[in-house]
Amino acid sequence: MLRMKRRDFLKSTTLVGAGVLAADKSWALNRLEPIEDTLDTEYPYRDWEDLYRREFTWDKIGKAAHCINCVGNCAFDVYVKDGIVLREEQLAKYPQINPNVPDANPRGCQKGSIHSSAMYDADRLRYPLKRVGKRGEGKWQRMEWDEITEEIADKVIDIFVKHGPGKLMTHTGSGNLSMVRFAAPYRFASLVGGVQLDIFTDVGDLNTGAHLAYGNPLESFTSDAWFDADYIMMSLFNPNATRIPDAHYIWEAKYNGARVVSVAPDYNPSSIHADLWMPIKQGADPFLSMSFVNVIIEEKLYKPDFMKEQTDLPVLVRADTGKMLREVDIKADGSDQVFYHWDLNSGAAVAVKGSMGSEDKTLALEGIDPALEGTFTVEGIEVTTVFEKVKAEASKYSPEATASETGLAAEMVRAEARLFAGARKAILMTGFNIGRYSNGIYTGWAQTLMLALTGHGGKTGGLDTSWIDWKHIPWLSLALFGFEKFPRLEPGGLGEFQRGKMLEQARKHFDNDKLKDRVGFNLDEMEEAINESIQEGWMPYNGDVKGLISIADNKFRRNKFADKYREHILHEVEELFVDINVRMDSTAQWADYLLPAASHYEAWDLRSVGFHRFVNVFSRPVDPIGEAKPDWDIMVLLSKKIQERAIARGVEGFEDGNVSRDLHTIYDDFTMNGTLMTDYDATKWLVDNSPELGGVTLEEAAERGFIVMNAEGGNNQPIPPDEPYNPFVAQTEDKKPYETLTGRITFYCDHPTFEKMGATVPTARHHAGREASNYPLSFYSPHTRWGIHSNWRSNKFMLRLQRGEPNIYISPKLAARKGITDGSMVRIFNGVGEFFAQAKFYPSLPETAIMMEHGWEPYQYEQMKPMNDAMATLIQPLELAGGWGHLGFKLFKWNANQLAHESSVDVEPA
Ligand SMILES: Nc1nc2c(c(=O)[nH]1)N[C@H]1C(S)=C(S)[C@@H](COP(=O)(O)OP(=O)(O)OC[C@H]3O[C@@H](n4cnc5c(=O)[nH]c(N)nc54)[C@H](O)[C@@H]3O)O[C@H]1N2
Ligand SMILES: Nc1nc2c(c(=O)[nH]1)N[C@H]1C(S)=C(S)[C@@H](COP(=O)(O)OP(=O)(O)OC[C@H]3O[C@@H](n4cnc5c(=O)[nH]c(N)nc54)[C@H](O)[C@@H]3O)O[C@H]1N2
Ligand code: SF4
Ligand SMILES: [Mo]
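These notes cover the structure that comes with them. (Residues numbered from 1 in each chain as written. Chains lettered and ligands numbered in written order. Predicted model: local features only at pLDDT ≥ 70, side-chain atom pairs only at ≥ 80, totals over all residues. Heavy atoms only, no water.)

Further remarks concern the overall build of the chain. Summing up its helical and strand segments, the chain has 32 helices and 32 strands in all. If one aligns the C-alpha atoms of the chain with their principal axes, the spans along those axes are about 110 × 75 × 55 Å. Within the chain, the proportion of its 910 residues that are buried is 63%. Relative to all contacts within the chain whose residues are 6 or more apart in sequence, the contacts with residues 24 or more apart total 75%. Summed over all atoms, the accessible surface of the chain reaches about 32,200 Å², with 51% contributed by carbon and sulfur. (Helix = DSSP H or I, 4+ residues; strand = E, 2+ residues; numbered from the N terminus. Buried < 20%, exposed > 50% of the residue type's maximum accessible area, 1.4 Å probe, protein only. Contact = heavy atoms within 4.5 Å. Areas by Shrake-Rupley, 256 points an atom, 1.4 Å probe, with all protein chains shown as cover.)

Our focus in this paragraph is the nonpolar core. Judged by nonpolar contacts, the single largest core of 113 residues is most densely connected at M278, L313, L453, F747 and F754. Two domains each provide a minimum of three residues to this core, namely domain 1 (304–393) and domain 2 (770–909). I157, F182, Y249 and A274 belong to the second largest nonpolar core, which has 102 residues in total. (Core = buried A, V, L, I, M, F, W, Y, C linked by side-chain atoms within 4.5 Å. Domains from an automatic or database assignment.)

Right, let's talk about helix α14 (residues 399–406) for a bit. Every buried residue belonging to α14 is among P399, T402 and T406, and all of these are buried. Down the axis of α14, the buried side of the element spans an arc of 70 degrees, and every buried residue falls inside it. The elements touched by buried residues of α14 are α10 (285–298) and α15 (410–422). (Arc of directions from axis to C-beta.)

Looking now at the site of ligand 1. Close to ligand 1 lie 33 residues, the nearest being T242, G283, D285, Y437 and G787. Here an oxygen atom of ligand 1 and a side-chain polar atom of N268 are 3.0 Å apart. Between a nitrogen atom of ligand 1 and a side-chain N or O atom of Y437, the distance comes to 2.8 Å. Counted by class, the shell around ligand 1 contains 14 nonpolar, twelve polar and seven charged residues. (Near = heavy atom within 4 Å. Polar contact = N/O pair within 3.5 Å; in protein donor to acceptor, adjacent residues only side chain to side chain. Nonpolar A, V, L, I, M, F, W, Y, C, P; charged D, E, K, R; others polar.)

Following this line, the structure appears as structure tokens:
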């Protein structure tokens, strides 16, 4: 666009200049004459106006959203002229689904709105490149697609021939959240058995407390369902910066009289608009939630009916062993997944319906009145209830007792607990940030307890986990090769921790005794838990790999102990490192081969990830820049070359457990025998085969820009056609069991790891932070308003809206003590690394913490030393538990997170 306009501009100025000179030779550029009435007056140099008129003419308008991990998902009109994108505009044509609820228009954010500029930035990858210098040296040679994919194909085959299955990682990161872009590399990984980490835990986004309780952390509200809430608590959540297209529903709920509360250590851009800001000490959230639980129980603000039907609170627990009473305890051939209530009506123990071992798949109590409290004897075994256990634990956490932990006044907490309990529809909105604290699992679990005690579930509120898992069977089938073959899925946080040899570094940072005091385990116990989990088969781990094909993943930006991590990974994948990316990010920089991918406006695709029912269409408004190709087409070409080379080399494939990896048919398999050759074919296949998309044609959908999902799009329950989507309505209204061991919202876990950690019921622990090390400042790094992680961070429009270079936020009081001034450069350091950044004063921050937005690219820092060089991390042993009902490796639902906020640092003027 810039090139074209400059040419036009030069042409026009020459003409105008000539005209001007001819008309009035005395006119000069430094003496412009004022024109009184520009509409009426004839004046000599009007032609320039055409430049403005022509600026907004176009050849066509295409449709697109953005496929990265913004959780927004907004339809845009994309204006194209001469094969170049001129600009984009929010589509703003979503139908209002209910006259009493505001519509979803317009959706968008400033990042999406400058992509037309960013897609032509200098960091775009335009050609296939092969490294010719040392890794990371920045020396590249252009190659033809045909040659480069053939070289890669041979190396992939070499890895399989030399090392057998499981030694190639084909990991897709969070940059490919649209359907076709996501399905392409997963389908490839399914065919070759490539190692793929769980992206939820790889980035630290999994709300494991929610899974523990509900058996499904991805059942949540559409954002329009926030509108009729009368109580909203935002904790670890900053929607004004991180849910830009959806946040309006929170503020619109105020028209309904909703009370909005923000719990955050800093006065973040969402706290500003809340009715109450609770300035909690960083990492103290489980203590706050447990104190709410304490008040709710002590003041009897709870709702027994909901507790009896929907939760395991009336389930019986043995007094002797602390285990739940199981059928096998009283019948020789009994199930270990059948549990008991004490029925007050019959005065006897009755089996709980709806558990994993129960034939009766319902929550309906049907004449049974389960006791919530008391002790009983069943077949000579003394038992009590889960609620009794919960009460005993919660009694330790009165607001008065926790005030020193949370920094919050006890009277305020009491008052708030009452308002929360009495609300008609209360929503606890928990940011993804929760998954990045070692005690996030405690926070999440205690929050679900607050909700369950007070009957907030289904249409009366619940936990907003910031993600809804819509039902897209054909999409999954496309990604997972018809469910016939699968990638080697692995826990994200754990996989990175192990392969990056992070324990070595963690030992340098944390003080083992202090750590145990804070988080409830030390590094030796954590190591033991990791080994146990892998040995028991609770969590799959494939060990070191030999080659890496990395797709839409900025791992060297994201991972902690960053420099050491990178060293270890590069060493492991000495034989092959391919990066498939739209731009030269800090991971692409280190690759052996770079394959340029089509960006948002350059490929056909669909996107459903977001908190709404609209599946947006990408209609490939322009062809890919340079020689870039859509991710789908790249995987097609790669599998074509593997098939050709495998046949030529006489390598048929290999047996891998109970499936065969057929390299000599991989291209036929990938393309469904030539049916799915392009991004368009795959998009069309999805539209044609997905019942939730309602039978529209791709042409109609592309014309419109989006598809409204029908009832079939709901996983847990149908999407109501004219009402917002509330989570777990199937459970509260239709009595469908939860996907948990007891079939109920779970507050008792007698798994050995939970027993060892003293966490059989919801309780509170600290995160590590400064108190677990020898560095005086905790450090946390939430998300930035001016980028989606590393995407768009280097774009000039985004940089102009902020300080323009990596900056930390610091309390002016702390800065004064350290001799740091606003705008000056500081050094942030600890025993594992250091980095430099500009200091920005932020008065609402405590003096004991430094905050920094994550996602700057390492190359944007002084000496290319990124924040993550100084970031220490851990694994939470509870998240490694398996072999227990709904606990065990489950993609996007249960496994160990990478924890971003456990580190601590010191700071000094640079
Ligand atoms: N603009 C923009 N939007 C995004 C993204 C982006 O990069 N940029 N990324 C997307 C993705 S993938 C994610 S995961 C989300 C993340 O977005 P969010 O879920 O909102 O999470 P964060 O931004 O990490 O943190 C939110 C807030 O938590 C508060 N906080 C920090 N520590 C604590 C604590 O100990 N206790 C409490 N109560 N509060 C605390 C801070 O005030 C912080 O502003 O955003 C999504 N949306
Ligand atoms: N300290 C700290 N660390 C954090 C967090 C934090 O709060 N604090 N948050 C964590 C969270 S929640 C997240 S989600 C992660 C995100 O962190 P990353 O996983 O590093 O995410 P991105 O920077 O979005 O990387 C995705 C890459 O995909 C590429 N890409 C974009 N579009 C396409 C495409 O169409 N095709 C291909 N092939 N590639 C494409 C982009 O170039 C981009 O570099 O960071 C985590 N790390
Ligand atoms: S980046 Fe995400 S939130 Fe922003 S406009 Fe694009 S789709 Fe919407
Ligand atoms: Mo995330």
